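Structural characterization, general
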Amino acid sequence: FLTRVTIQSDFGTFHAAGPGILGVRLREIHALTALQELGEGNGFVSGIRDSAEDTGESLRQLAVEPATTLGGIPDGIRRLFEGSYRSAKTRRHKKAGEQPGSSGDIEQEPGPGSALPGRATVGASPSEDPVQESSAGAGQAAANALGFQDARRDLAKRLGVDPYTTNAVLSAKLDEVAWSAFAGHLSVRVATMFVPGGFVLSTSSSLADLVWDSRPGDLQIEIERSLAAMGVDQVSIDRLLSHRWYSLSMQTALAWALKELDGVRGRSRIMPLALSVTSETQARYVVQTLLMTARAHRMVKPLASLEVAWTVVARDQNGRLIVTLPVDYLSWNPTIETFVQRQAPPARHRTLHIAGLATAYSRLKLEQYGWEVVENSRLFVPVLGYRKLGPDERP
């Protein structure tokens, strides 16, 4: 179902699996090139070097090792950071001890999400020790209090990349440049003026702007409120917010898509599917499925209900089925055959929206079962590339 790509670059080897993610990785490589050239540019470096070096190193150390760095800062700020450290530590220990299936668990009972495209081919590595995670969380709270994270998100926005990217190379480079600009009292807006032409991307959408412009704590609060309002229990909400395979961007996109499905019954039913994924690729699949379904609800025909039958299945008010599959290449195999055969008795009309293409044989078989197949569906847009369709555009 998913194309798997290995990308060799000057910054290392990167992997991509599934529709849209190749474009994301290529954009990230362009951003890395821009950030590297930015760091080598005389105008940027000379403008911040003198004031940034000592301050930047101290702040960076504070974010990484808050417990050992607090002694060297003023008492007022120290109390703020100590409070953040205790709060983060308490929250992480509570989550690790009370929530089976969360990011704190190494083993997990198989759930419906484990059967989705993109299952991990190797075992997931254990999560960090809760104390270490709480320490990092306290450091990030400290950095947030000083405004570093605001500068980092602004930098990511001007480069058109995810501020919570799982690309470790890009994440480290964003940290490095944002620390330098932040510690040198140079705004990211000014700093990116030195970025070579053609690299700073101009991208805007309601979802992307929400991720870029909101602080992490505000996003988490909004996710919790949105999911609670649609009937998701608190344990499931907490598990999502601490899930190892969902970055904060993916968590936000999932909650945002479900909120877009306002009035559709069964939105809370997707949580067992979402929480039982076994890889980042499967998590992205769930999010992209919900985004495509939300676009169908808004742009094609209002939906009435959602259910889980291998993937997310939607019905409109007339009982017609709409299924969205964010896959590159749909082949006829036992998974699809079983899924199709279980959709009985036949609905009046069935539509399958595919992000990519279907083989000729799978299309023939689907049509024999009464499905209308839409390839290269306009319902699919990469997560941070979400946009509203124009008045003359239809999926």
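Residues numbered from 1 in each chain as written. Predicted model: local features only at pLDDT ≥ 70, side-chain atom pairs only at ≥ 80, totals over all residues. Heavy atoms only, no water.

A count of helical and extended segments in the protein gives 16 helices and 9 strands. Going through the 395 residues of the protein one by one, you find that 49% of them count as buried. (Helix = DSSP H or I, 4+ residues; strand = E, 2+ residues; numbered from the N terminus. Buried < 20%, exposed > 50% of the residue type's maximum accessible area, 1.4 Å probe, protein only.)

So, on to the pairing of strand β7 (residues 350–354). In terms of burial, β7 is a largely internal element, 5 of the 5 residues being buried. Across the two faces of β7 the burial is the same, with Arg 350, Leu 352 and Ile 354 and Thr 351 and His 353 all buried. Where β7 and strand β9 (residues 371–374) come together, 4 bridges link them in parallel fashion. Residue pairing in the sheet places Thr 351 in a bridge with Glu 372 of β9. (Pairing = 2+ DSSP bridges.)

Judged by nonpolar contacts, the single largest core of 87 residues is most densely connected at Leu 227, Tyr 246, Leu 254, Val 286, Leu 325 and Leu 330. Among the elements that line this core, the one with the most residues is helix α14 (residues 280–299), at 9 residues. Other than its neighbours up to four places away in sequence, Leu 330 contacts Phe 1, Leu 325, Ile 336, Leu 352, Ile 354, Leu 357, Ala 358, Thr 359, Ser 362 and Leu 366. (Core = buried A, V, L, I, M, F, W, Y, C linked by side-chain atoms within 4.5 Å. Contact = heavy atoms within 4.5 Å.)

On inspection of all chains with the given rule, the structure shows 13 salt bridges. Glu 28 is the salt-bridge partner of Arg 25, the closest N and O atoms lying 2.9 Å from each other. Separated by 3 residues within a single helix, Arg 25 and Glu 28 lie in helix α1 (residues 21–40), roughly one turn from each other. Assigned by exposure class, Arg 25 and Glu 28 land together as buried. For Lys 173, the salt bridge identified is with Glu 176, shortest N-O distance 3.6 Å. In this pair, Lys 173 and Glu 176 are both assigned in helix α7 (residues 168–183), 3 residues apart and thus about one turn of the helix distant. Residue classification places Lys 173 among the buried residues on the basis of a relative accessible area of 19%. Since its relative accessible area comes to 37%, Glu 176 is described here as partly exposed. Look at the salt bridges and you will find they share partners, linking Asp 150, Arg 153 and Arg 215 into a network. (Salt bridge = Lys/Arg side-chain N within 4 Å of Asp/Glu carboxyl O.)

Across a sheet, paired strands are connected by hydrogen bonds in the backbone, their directions being either parallel or antiparallel. The strand order across the open sheet formed by 5 strands is β3-β4-β5-β7-β9, and the pairing between neighbours is mixed. Where the open sheet ends on each side, the last strands, each with one partner, are β3 (303–309) and β9. Each neighbouring strand pair of the sheet contributes to a mean axis angle of 25 degrees, computed without reference to strand direction. (Axes fitted to C-alpha atoms, helices over the stretch in contact; angles between N-to-C directions.)

With the rule as written, the count across this model stands at 2 cavities of 30 Å³ or more. Approximately 70 Å³ is the volume attributed to the largest cavity. Lining the largest cavity, in full, are Leu 2, Ala 17, Gly 18, Pro 19, Thr 281, Arg 284, Tyr 285, Gln 288 and Pro 326. The greatest single-element share of the lining of the largest cavity, amounting to 4 residues, is contributed by α14. For the lining of the largest cavity, the residue count by class is 5 nonpolar, 3 polar and 1 charged. (1 Å grid on protein atoms, 1.4 Å probe; cavity = no way out; pocket = protein on both sides within 12 Å on 5 of 7 lines; lining within 4 Å. Points joined across faces, edges and corners; volume = space filled by probe spheres on them. Nonpolar A, V, L, I, M, F, W, Y, C, P; charged D, E, K, R; others polar.)

Before going further, it helps to examine the environment of Ala 31. Within the secondary structure layout, Ala 31 lies in helix α1. Owing to a relative accessible area of 1%, Ala 31 belongs among the buried residues under this scheme. C-alpha of Ala 31 to C-alpha of Lys 173: the two residues are 142 residues apart in sequence and 9.5 Å apart in space. Those residues in contact with Ala 31 that lie beyond four places of it in its chain are Leu 159, Val 161 and Leu 170.

All right, on to α14 then. Note: α-helices contain 3.6 residues per turn, so residues at a spacing of three or four share the same orientation. End to end, α14 covers 28 Å across 20 residues, agreeing with the expected 28 Å (1.5 Å per residue, within 8%). With respect to burial, α14 is a largely interior element, 16 of its 20 residues being buried. (Expected span 1.5 Å × (residues − 1).)

The phi angle of most residues is negative, glycine excepted, and most peptide bonds adopt the trans form. Positive phi outside glycine occurs at Trp 310, with the angle close to 75 degrees. Structurally, Trp 310 is set in the loop between β3 and β4 (311–316). One non-glycine residue with positive phi stands out, namely Asn 376, at about 45 degrees. For Asn 376, the position within the fold is in the segment after β9. Judged by its relative accessible area of 49%, Asn 376 is partly exposed.

Take it as geometry only, folks, not as evidence of what the structure does.
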